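Next come the chains, spelled out residue by residue.
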Amino acid sequence: MSIKEYIVQKPALKRFMLYALVHPRKARPRRWVSWFVNPFVHRHHRTAQIQWRARLDVLPFNTFRLGAQSIIEDYCLVNNGVGSVEFGDSCLLGVGSTVIGPVCFGNNVMTAQHVVLSGLNHDYERIDVPIKNQPVSTRPIVVEDDCWIGANAVVVAGVTIGRHSVVAAGSVVTRDVPPFSVVGGNPARLLKQYDEALGRWVSTKGRSDVNAAGSVTTHSQASS
């Protein structure tokens, strides 16, 4: 049994550890955790960069990983309090972006400015309890290799963005994005997809081969 599993099974010990690690009125680690614990628990690749104005609300009991040559720009917020946050190699988190775990980036993923990805949701079902005092739920966000997410886009919990896809600026992504796709709008809809048989990107507007999941049946798929 791991230390984390042991603590979770002991409610009193869990409450004490959370109090020791996190200020009760702030969703961020205490300074002693940032200074003396995280540097030894979360070891990043030597070529990774975290700009000094970035805010890392990371705690030792969940994973935070930054791959080779990846960069977290100034004024970004990264929080792994309720789920791991992992960046592959050669990723860029653009200025002022927010990532709340659980979120996993592949390699060569870039986001523009002020992008929000949150694997966390606040429960609200009880009307006799303030929403801030109700439990939270999580569903992982996965951004596969080679993706580009435009400025001011929002990706909600549970979404997977397929390989080499583009999310247009200002989009709100509420469902999975197929690989090799371009999506945009609120909620985001499929705009283009790469057609392997034609060897080019094609518009999905008005096409009859867009299935219920929002993906396109390419010529090569249709002939198989």
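Refer to the preceding data block for the structure.
Calculation rules
- Residues numbered from 1 in each chain as written.
- Predicted model: local features only at pLDDT ≥ 70, side-chain atom pairs only at ≥ 80, totals over all residues.
- Heavy atoms only, no water.
- Core = buried A, V, L, I, M, F, W, Y, C linked by side-chain atoms within 4.5 Å.
- Buried < 20%, exposed > 50% of the residue type's maximum accessible area, 1.4 Å probe, protein only.
- Helix = DSSP H or I, 4+ residues; strand = E, 2+ residues; numbered from the N terminus.
- Contact = heavy atoms within 4.5 Å.
- Patch = residues over 30% accessible without salt bridge, like charges linked within 9 Å, V, L, I, M, F, W, Y side chains within 5 Å.
- Areas by Shrake-Rupley, 256 points an atom, 1.4 Å probe, with all protein chains shown as cover.
- Salt bridge = Lys/Arg side-chain N within 4 Å of Asp/Glu carboxyl O.
- Pairing = 2+ DSSP bridges.
- Phe/Tyr/Trp six-rings, centres within 6.5 Å; stacked < 30°, edge-to-face > 60°.

> I would appreciate a short explanation of the nonpolar core in the present structure.
One recurring pattern in soluble globular proteins: nonpolar side chains tend to sit buried together. Counting 32 residues, the largest nonpolar core has Ile72, Phe87, Phe105, Leu117, Val143 and Ile161 as the members making the most contacts within it. Secondary-structure elements contributing two or more residues to this core are strand E3 (64-66), strand E6 (85-87), strand E9 (103-105) and strand E14 (141-143). When neighbours within four sequence positions are excluded, phenylalanine 105 is seen to be in contact with Glu86, Phe87, Gly88, Cys91, Val99, Thr111, Leu117 and Val143. Counting five residues, the second-largest nonpolar core is a separate cluster that includes Leu21, Val22, Val33 and Leu59.

> Explanation requested: a nonpolar patch on the surface in the structure shown.
Nonpolar side chains collect at one region of the surface, where Trp32, Trp35 and Phe36 lie side by side and expose about 390 Å² of accessible area between them. Within the secondary structure layout, tryptophan 32 lies in helix H3 (residues 31-36). Overall, tryptophan 32 belongs to the partly exposed group, its relative accessible area being 39%.

> I tried to follow the sheet that holds E9 on my own but got confused; where do I start?
Hydrogen bonds between backbone groups are what pair the strands of a sheet, and the pairing can be parallel or antiparallel. Pairing within the open sheet is parallel, and its five strands lie in the order E3-E6-E9-E14-E17. Either end of the sheet is taken by a strand with one partner, and the two such strands are E3 and strand E17 (160-161). Looking at chain direction, E3 and E6 are connected through three bridges and run parallel. Its bridge partner being in E6, phenylalanine 64 is matched across the sheet by valine 85.

> Explain the pattern of salt bridges here, please?
Between side chains of opposite charge, pairing is possible as soon as their charged atoms come close. Evaluated as defined, the whole model comprises six salt bridges. One salt bridge connects arginine 28 with aspartate 57, and the closest N-O pair in it is separated by 3.7 Å. Of the two residues, arginine 28 sits in the loop between helix H2 (11-21) and H3 while aspartate 57 sits in strand E2 (residues 55-57), which places them 29 residues apart along the sequence. When its relative accessible area of 3% is taken as the criterion, aspartate 57 is described as buried. A salt bridge links arginine 126 to aspartate 128, with the nearest nitrogen and oxygen atoms 2.8 Å apart.

> Help me understand the packing of aromatic side chains in this model?
When we look at a pair of aromatic rings, we describe it by the centre distance and by the angle of the planes. Applying the stated criterion across every chain yields a total of three aromatic pairs. Geometrically, the ring pair formed by tryptophan 35 and phenylalanine 36 is edge-to-face, given 6.2 Å between the ring centres and 90 degrees between the ring planes. Classification of tryptophan 35 as exposed rests on a relative accessible area of 54%. When the ring of tyrosine 194 is compared with that of tryptophan 201, the centres are 5.6 Å apart and the planes differ by 70 degrees; the resulting orientation is edge-to-face.

> Help me understand the pairing of strand E22 (residues 200-203), please; the structure alone is not making it clear to me.
In summary, the side chains of a regular strand alternate between the two faces of the sheet. In this structure, strand E21 (residues 189-195) lies alongside E22, joined through four bridges in antiparallel fashion. Within E22, the residue paired with tyrosine 194 across the bridge is tryptophan 201. Turn length for the E21-E22 hairpin, with the two strands adjacent in sequence and antiparallel, is four residues, and the turn residue glycine 199 shows positive phi of about 70 degrees.

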